[in-house]
Amino acid sequence: MALNIKLIAIIGTGPAGIASLYEFLHTNADGTSTVGGARSADPAFTKVVAFEQKDKAGGIWAPSFDEADYPLPPQDLLDTNQYNNPDVIHPAEPVPENLERATASQPFVKHASDATSKELQWSRSGVYSDLFTNIPNRFTRFSYNKLDEKLLDTSRLIYPFMTNTELTNSIRHMIETENLNEHIRTSTRVENVQKKGGKWEITARKTSNDGLTEEWYTEEFDAVVVSNGHYTVPSIPCFPGLAEFNAQRPGVLSHSKSFRSAEEYRDKKILFVGGSISTINLVQYAYPLAKSVYLSRRGKQRLFPWINRAADSEGIVSKTTIERFIPETNEILFTDGTKESGFDLVVFATGYHFHYPFLKEYLKINDPSNRSSVSGLYYNTFAIDDPTLGAVGVTISTLKFHTIETSAAALAGVWSNAKQLPAREEQEKWVQDQKEAKGGSIDFHYYTHEQVRAGFVDPVHKFAAVGRASPLEVDGEHLNDFEVGFKTLERLFYGLKNGEITPKDTLLRA
């Protein structure tokens, strides 16, 4: 069945939203692609609008080093003991009544929400100033963007990686040179999305520069891309006694998203909770400064196998998972029956939620946590219930930029009628096969760098516009960069942990 899609809304302008916007602007009405060249002169889509809640595009790669989100949800939300539910800590904003006549040019204006409501948007980036990437630089770009030659210099201390500033500048350069900002509405949060009479109605809220007023309006589109990312709403496991512990000892507990400087760790007894790359990143900065470092983790790391050795390295006290907090005695009980007391800091490096409070009827989250998955998507990209709803960025892989690009290209191909989706039964069979092979947790969306080409990129690229090259046509020959990268990350970990190099060294400023 041919689709009649001319007006597209994109929710979020991190890498997933930017890639989607670029793709749609380079898709011709005849179903061919101009990706890598000039913008389409005869575009398939007449209006493409991207909504961004922050004051600039870029997602987590538009960081704010001087500001951070709440270290934890407010105490009243912790007291509900439902703080592991994203609906509780990231609530939808109530939509004003009678917005039928409100438009972007003639919006309904009201006083802005209170400060707590603003903070519960969790809109600040978790990127901190000392961070360098953990994915090889060839794969922290889109395939149509030229790789900066200096990043291929093997003498760089962090080769094959780049600094957070280099990646931020790369994304900003793409936005500026492609004039993408003319399609992006910043400081504008999408609060509701629903299907009405064959159209998608977006309810948007734009906050003024001074933060005092809000402009609300609705707007209709033929199709919607959800690309609001997976690194916004912090996931904090629910433990008995945590809320009471925090009430008695405010400032001890925090989520890693609020981290900004290793100086926070100086002379502290610290427990890190989590076993991912973000946990180990913080451990490598904390260890030279802290009084002692403890690490509580659930199991072995698969994505970065070297982390398992690093987590058990000399000087780090390994602990099992937490059983409960004991506020009366300032202790934490672990599942092996041991107790530890007197932590100055407990840092939850426990990941993030998938969350779509504006679209609950269409994208369902299974078992909300840092292990949750999104149901109802064919190849993590097409909503099975409605082919005019798409998602970009749900796939989990070390090739994040290339899987993002693949999903965006597939949406452009199908929505321009260059390609068609298979029957619903085939889409549902793919979902069932994935569940049987991977289970229903976040593993459902996960592909290693060895799996991602055959398991995701190649089958999804079949839906791309005519003449659209595969994101891995060239870059796929360089997957060995990941093996080089794993060795570099392990070398840098021990160098930083043991004080042989400093964070400043990794930022290449000296």
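Computed from a predicted structure; not experimentally measured.

How should the nonpolar core be read in this particular structure?
Nonpolar side chains in soluble globular proteins tend to end up buried together. If you look at the biggest cluster of nonpolar residues, it comprises 91 residues, and the most contacted ones within it are Ile8, Phe24, Tyr265, Phe272, Trp306 and Trp415. Shared between two domains, this core takes at least three residues from each, and those domains are domain 1 (7–82 + 93–128 + 164–233 + 353–468) and domain 2 (242–350). Not counting the four nearest positions on each side in its chain, Trp306 is found in contact with Ile277, Ile280, Phe486, Leu489, Glu490 and Phe493.

Whenever I open this one, the packing of aromatic side chains confuses me. Can you help?
Where two aromatic rings form a pair, the distance of their centres and the angle of their planes describe that pair. Here the structure, examined in full by the defined rule, presents 30 aromatic pairs. Each ring, one from Tyr378 and one from Trp430, has its centre 5.9 Å from the other, and the planes form 85°; the classification is edge-to-face. Here Trp430 lies in helix H10 (residues 424–438) and Tyr378 lies in strand S21 (residues 377–378), a separation of 52 residues in the sequence. Each of the two residues, Tyr378 as well as Trp430, counts as buried.

How do you make sense of the pairing of strand S11 (residues 269–273) when you look at a structure like this?
Residues in a regular strand point their side chains to alternate faces of the sheet. Among the five residues in S11, five count as buried, and that is most of the element. The side-chain alternation of S11 yields two buried faces, one formed by Lys269, Leu271 and Val273 and the other by Ile270 and Phe272. Considered for its hand, the β-α-β crossover made up of S11, helix H7 (residues 277–286) and strand S12 (residues 292–296) is right-handed. In this sheet, strand S17 (residues 345–348) lies alongside S11 in parallel orientation, the contact comprising four bridges. Residue pairing in the sheet places Ile270 in a bridge with Leu345 of S17.

Before we go on, may I ask you to explain the sheet that holds S11 in this structure?
Neighbouring strands of a sheet are bound in pairs by backbone hydrogen bonds; such pairs are parallel or else antiparallel. With respect to topology, five strands assemble into an open sheet ordered S10-S17-S11-S12-S13, the strand pairing being parallel. With one partner strand each, in any of the chains shown, strand S10 (253–255) and strand S13 (316–319) form the two edges of the open sheet. The mean inter-strand angle of the sheet, taken between neighbouring strand axes irrespective of direction, is 25°. H7 contacts S11, S12, S13 and S17 of the sheet and is inclined by roughly 165° relative to S11.

I keep staring at the domain arrangement of the protein and nothing clicks. Help me out?
By a widely used convention, the size of an interface equals the accessible area lost when the partners come together. Taken domain by domain, the protein consists of domain 1 (7–82 + 93–128 + 164–233 + 353–468) and domain 2 (242–350). Contacts between the two partners involve 25 residues from domain 1, matched on the other side by 19 residues from domain 2. Between domain 1 and domain 2 lies a buried interface of about 1,700 Å² when both sides are counted; carbon and sulfur atoms form 54% of it. Ranking the residues of domain 1 by area buried against domain 2 places Leu72, Tyr128 and Tyr446 at the top, with a combined share of 34%. A salt bridge links Lys257 to Asp69; the nearest nitrogen and oxygen atoms lie 2.7 Å apart. Its residues assigned to classes, the side of domain 1 that touches domain 2 comprises eleven nonpolar, eight polar and six charged.

Just to check I follow, could you spell out the pairing of strand S15 (residues 331–334) for this structure?
For strand S14 (residues 322–326) and S15, the ladder comprises four bridges, and the chain directions are antiparallel. Of the residues in S15, the one forming a bridge with Ile322 is Phe334. Between the antiparallel neighbours S14 and S15 lie four residues, among them Asn330 with a positive phi of about 55°. Relative to strand S16 (residues 339–341), S15 runs antiparallel, the two being bridged by three bridges. If you follow Glu331 over to S16, its bridge partner there is Ser341.

Got a minute to help me understand the packing of H7 against helix H12 (residues 481–497) in this structure?
Helix-helix packing is described using two parameters, namely the angle between the two axes and the distance between the axes. At a closest axis distance of 7 Å, the pairing of H7 and H12 adopts a crossing angle of 30°. Comparing the axis directions of H7 and H12 gives the class roughly parallel. Remark: the crossing between H7 and H12 carries left-handed chirality. Contacts between H7 and H12 involve Ile280, Val283, Gln284 and Tyr285 on the former and, on the latter, Leu492, Phe493, Leu496 and Lys497. Residue composition of the contact of H7 with H12, by class: six nonpolar, one polar and one charged.

Rules of the game
Residues numbered from 1 in each chain as written. Predicted model: local features only at pLDDT ≥ 70, side-chain atom pairs only at ≥ 80, totals over all residues. Heavy atoms only, no water. Core = buried A, V, L, I, M, F, W, Y, C linked by side-chain atoms within 4.5 Å. Buried < 20%, exposed > 50% of the residue type's maximum accessible area, 1.4 Å probe, protein only. Domains from an automatic or database assignment. Contact = heavy atoms within 4.5 Å. Phe/Tyr/Trp six-rings, centres within 6.5 Å; stacked < 30°, edge-to-face > 60°. Helix = DSSP H or I, 4+ residues; strand = E, 2+ residues; numbered from the N terminus. Right-handed = clockwise from strand over helix to strand, strands pointing away. Pairing = 2+ DSSP bridges. Axes fitted to C-alpha atoms, helices over the stretch in contact; angles between N-to-C directions. Buried area = accessible area lost by both parts, 1.4 Å probe. Salt bridge = Lys/Arg side-chain N within 4 Å of Asp/Glu carboxyl O. Nonpolar A, V, L, I, M, F, W, Y, C, P; charged D, E, K, R; others polar. Parallel < 35°, antiparallel > 145°, perpendicular 65-115°, else oblique. Left-handed = near helix turned anticlockwise from the far one by under 90°.

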